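Structural overview
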Amino acid sequence: MTTALITGSTAGIGAAFARRLAADGRNLVLVARDTERLREQATELHDRHGIEAEVLTADLATDGGIESVEKRLADRKHQVDLLVNNAGFGNKGRFLEVSMADELTMLKVHCEAVLRLTSAAVTGMRARGRGGVVNVASVAAFLPRGTYGASKSWVVQFTQGAARDLAGTGVRLMALCPGFVRTEFHERAGMGTDNIPDWMWLDADKLVAAALTDLARGKVVSVPDPRYKALMGAVKLAPRGLLGGITSKTGRKYGPR
Ligand SMILES: NC(=O)c1ccc[n+]([C@@H]2O[C@H](COP(=O)([O-])OP(=O)(O)OC[C@H]3O[C@@H](n4cnc5c(N)ncnc54)[C@H](OP(=O)(O)O)[C@@H]3O)[C@@H](O)[C@H]2O)c1
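Read on for an overview of the structure. Because the structure is predicted, anything quoted here is derived from the model rather than measured.

Helices and strands together make up the secondary structure of the protein chain, namely 9 helices and 11 strands. Its C-alpha atoms give the protein chain a radius of gyration of 18 Å, near enough to 18 Å, the size a compact globule of 257 residues would have. Once the C-alpha set of the protein chain is aligned to its principal axes, its extents read approximately 50 × 40 × 35 Å. Relative to its full complement of 257 residues, the protein chain shows a buried share of 40%. Nonlocal contacts in the protein chain, meaning residues at least 24 apart in sequence, comprise 69% of its contacts between residues at least 6 apart.

With that settled, consider the sheet that holds strand β3 (residues 53-57). The 7 strands lie next to each other as β3-β2-β1-β4-β5-β6-β10, forming an open sheet whose pairing is parallel. A strand with exactly one partner marks an edge of an open sheet, and here the two such strands are β3 and β10 (221-222). By the bridge criterion, 6 bridges tie strand β5 (residues 131-136) to strand β6 (residues 171-176) in an arrangement that is parallel. From the neighbouring strand, glycine 131 faces β6, where its bridge partner is valine 171. Each of β5, β6 and β10 is contacted by helix α7 (residues 204-216), which is oriented at about 145° to β6, the strand it contacts most.

Below, the discussion takes up the site of the ligand. Around the ligand, 30 residues are found, and the nearest of them are Gly8, Gly12, Arg33, Gly88 and Thr183. For the shell around the ligand, the secondary-structure elements that each account for two or more residues are α1 (12-23), β7 (180-181) and α6 (185-188). Looking at the shell around the ligand, the element that brings in the most residues is α1, giving 3 residues. Taken together, the residues of the shell around the ligand break down into 14 nonpolar, 10 polar and 6 charged.

Further remarks concern the environment of alanine 137. Among the structural elements, alanine 137 can be located in the loop between β5 and α5 (146-165). On a C-alpha basis, the gap between alanine 137 and glycine 179 in space is 9.8 Å, while along the polypeptide they are 42 residues apart. Look past the residues within four positions of alanine 137 in its chain and what remains in contact with it is Lys152, Val155, Val156, Ala175, Leu176 and Cys177.

Attention now moves to the nonpolar core. Counting 67 residues, the largest nonpolar core has Ile6, Ala18, Leu28, Leu30, Leu83 and Ala121 as the members making the most contacts within it. If you tally residues by element for this core, the top one is helix α4 (residues 100-128), at 9 residues. Contacts of alanine 18, omitting those with residues within four sequence positions, involve Ile6, Ser9, Leu28, Leu30, Gln41 and Leu45.

On to the packing of α1 against helix α2 (residues 35-49), then. Taken N-terminus to C-terminus, the directions of α1 and α2 make an angle of 30°; their axes are 10 Å apart at the nearest point. As judged from the angle between their axes, α1 and α2 are roughly parallel. With respect to the hand of their crossing, α1 and α2 are arranged in right-handed fashion. Contacts from Ala18, Ala22 and Ala23 in α1 reach Gln41, Leu45 and His49 in α2. Taken together, the residues of the contact of α1 with α2 break down into 4 nonpolar, 2 polar and no charged.

Our next topic: unusual backbone geometry. For leucine 96, which is not a glycine, the phi torsion comes out positive at approximately 80°. Residue placement: leucine 96 occurs in the loop between β4 (82-85) and α4.

Helix length check: α2 (15 residues) gives 21 Å between terminal C-alpha atoms against 21 Å at 1.5 Å per residue, within 8%. Those residues of α2 that fall on the buried side of the exposure criterion are Leu38, Gln41, Ala42 and Leu45. Along α2, the residues classed as buried sweep out an arc of 100° about the axis, all on the same side. Seen from the buried face of α2, the exposed residues on the opposite side, beyond 90 degrees, are Glu36, Thr43, Asp47 and Arg48. Of the surrounding elements, those touching the buried residues of α2 are α1, β2 (27-32) and β3.

Taking 1.5 Å per residue as the helical rise, α5 with its 20 residues ought to reach 28 Å, and the 29 Å between its terminal C-alpha atoms agrees with that figure. For α5, the full list of buried residues reads Gly146, Tyr148, Ser151, Lys152, Val155, Thr159, Ala162 and Ala163. Looking at the buried residues of α5, the elements they touch are α4, β5 and β6.

Across the 6 residues of β6, 6 count as buried, placing the element largely inside the fold. Regarding topology, α5 serves as the crossover connection from β5 to the parallel β6, and that connection is right-handed. Where β6 lies against β10, 2 bridges are found, and the strand directions are parallel. Across the sheet, the residue bridging to alanine 175 is valine 221, located in β10.

Analysis parameters
- Residues numbered from 1 in each chain as written.
- Predicted model: local features only at pLDDT ≥ 70, side-chain atom pairs only at ≥ 80, totals over all residues.
- Helix = DSSP H or I, 4+ residues; strand = E, 2+ residues; numbered from the N terminus.
- Rg over C-alpha atoms; globule rule 2.2 N^0.38 Å.
- Buried ≥ 20, exposed ≤ 12 C-beta atoms within 10 Å, placed from the backbone.
- Contact = placed C-beta atoms within 7 Å.
- Pairing = 2+ DSSP bridges.
- Axes fitted to C-alpha atoms, helices over the stretch in contact; angles between N-to-C directions.
- Near = placed C-beta within 6 Å.
- Nonpolar A, V, L, I, M, F, W, Y, C, P; charged D, E, K, R; others polar.
- Core = buried A, V, L, I, M, F, W, Y, C linked by C-beta atoms within 7 Å.
- Parallel < 35°, antiparallel > 145°, perpendicular 65-115°, else oblique.
- Left-handed = near helix turned anticlockwise from the far one by under 90°.
- Expected span 1.5 Å × (residues − 1).
- Arc of directions from axis to C-beta.
- Right-handed = clockwise from strand over helix to strand, strands pointing away.

Now the structure itself:
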């Protein structure tokens, strides 16, 4: 049986990855900050699918948290075959409204943790000649959307570069770029969602199914929905000034401070 490690496994997209990979018969290492929630998730997935689900409490905004996951990924006796770097969040506010500490925490979780965990996982995968890494970015990577969009651009660029460097080793890396997905993300960030049209919302389970198909096909960047594929095609053609006006507003309505 193969093993997948998912960061941010307890909610939203991470939980959808956990459900799907458990149903496929993979053992799981579940990573997030809330131990109680992780334990409940592990028990439920074990009981429903008969897989082994390990709990690893870690705050990826801290060095200690990142180190504990690096250590698990480097454990050659209990190898991890698929890493899903999914943990992430949005900050409440635009540039200069967010504290520098919160901006830096975002870079730590979205960029530093992704770099360090990918490196820790891929070292063993390359030696074994197989393995996969899914780095959850966002379509915001292609749009001017503050530190969030910039950090997700980094995830896409990093993944593309690493995938190229590892070509021919048997290790697959893919950046997953979802549009709006119904999860806990917006509520946690204090973002209003009533200005996001219904047609823009994606279902997390369908998103994950499409992402895993793209990974199996060897895609390096996955935008797994025809609506967003069309939108991203239009984005490439649109003038940058126009883009900034439209895309920096949609889904960035913040509640009272
Ligand atoms: N929802 C969307 O519309 C959307 C669109 C594009 C991309 N994304 C990306 O998709 C990923 C997952 O987002 P989601 O929408 O599924 O969010 P979510 O429902 O809020 O879930 C976030 C998960 O990450 C964990 N987490 C948050 N901060 C963490 C930290 N410092 N250390 C460890 N775990 C942490 C949370 O658990 P704990 O709180 O217990 O730690 C939770 O399991 C993120 O990278 C996000 O940027 C989301």
